[in-house]
Amino acid sequence: MERYSVEVPNPDYWQRQINCQEACPVHTDARGYVRAIAEGRFEDAYFIARGPNPLASICGRVCGAPCEAACRRKELDQAVSIRALKRFVMDRFPTASG
Ligand code: SF4
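Residues numbered from 1 in each chain as written. Predicted model: local features only at pLDDT ≥ 70, side-chain atom pairs only at ≥ 80, totals over all residues. Heavy atoms only, no water.

**Q** For the packing of helix α3 (residues 30-38) against helix α7 (residues 82-92), give the residues involved together with the corresponding values.
**A** For the pair α3 and α7, interaxial distance at closest approach is 10 Å and the crossing angle is 60 degrees. Here α3 is positioned oblique relative to α7, judged by the angle of their axes. Note on packing geometry: the crossing formed by α3 with α7 is left-handed. The segment α3 lies against α7, with Ala 30, Tyr 33, Val 34 and Ile 37 engaging Ile 82, Arg 83, Leu 85, Lys 86, Phe 88 and Val 89. Of the residues belonging to the contact of α3 with α7, the class tally is eight nonpolar, no polar and two charged. (Axes fitted to C-alpha atoms, helices over the stretch in contact; angles between N-to-C directions. Helix = DSSP H or I, 4+ residues; strand = E, 2+ residues; numbered from the N terminus. Parallel < 35°, antiparallel > 145°, perpendicular 65-115°, else oblique. Left-handed = near helix turned anticlockwise from the far one by under 90°. Contact = heavy atoms within 4.5 Å. Nonpolar A, V, L, I, M, F, W, Y, C, P; charged D, E, K, R; others polar.)

**Q** Which residues make up α3, and what are the values?
**A** Within the sequence span of α3, burial applies to Ala 30, Gly 32, Tyr 33, Ala 36 and Ile 37. Within α3, the buried residues cover an arc of 160 degrees as seen down the axis, which keeps them to one side. Buried residues along α3 sit in contact with α2 (19-23), α4 (42-50) and α7. After α3 finishes, the residue Gly 40 shows a positive phi value of roughly 75 degrees. (Buried < 20%, exposed > 50% of the residue type's maximum accessible area, 1.4 Å probe, protein only. Arc of directions from axis to C-beta.)

**Q** Run through the site of the ligand, naming residues and quoting values.
**A** Inspection of the region around the ligand gives Cys 24, Pro 25, Thr 28, Cys 63, Pro 66, Cys 67, Arg 83 and Lys 86 as its neighbouring residues. The residue makeup of the shell around the ligand, split by class, is five nonpolar, one polar and two charged. (Near = heavy atom within 4 Å.)

In structure tokens:
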């Protein structure tokens, strides 16, 4: 008799569906800071990007951006410029960034 592995969705399951955050080595909530930037909440965006990553401003320049490679927006047109947006917001708070 065939057996199927079934995963009952729980919060961890839904968390893993966030491709950009799942792909990021430090699991940054890129979706969160991109939304905050879009709403003009730059300080909030800074804290979301900086939270899990003390080197956020450096990553905004040199990270290989696996988040963008995993971005679902690509299915519509092109990936969100997650790394560039990180650099934008980190540069707004140069004295506070790592
Ligand atoms: S640019 Fe790098 S550090 Fe920043 S969210 Fe994407 S993968 Fe993570």
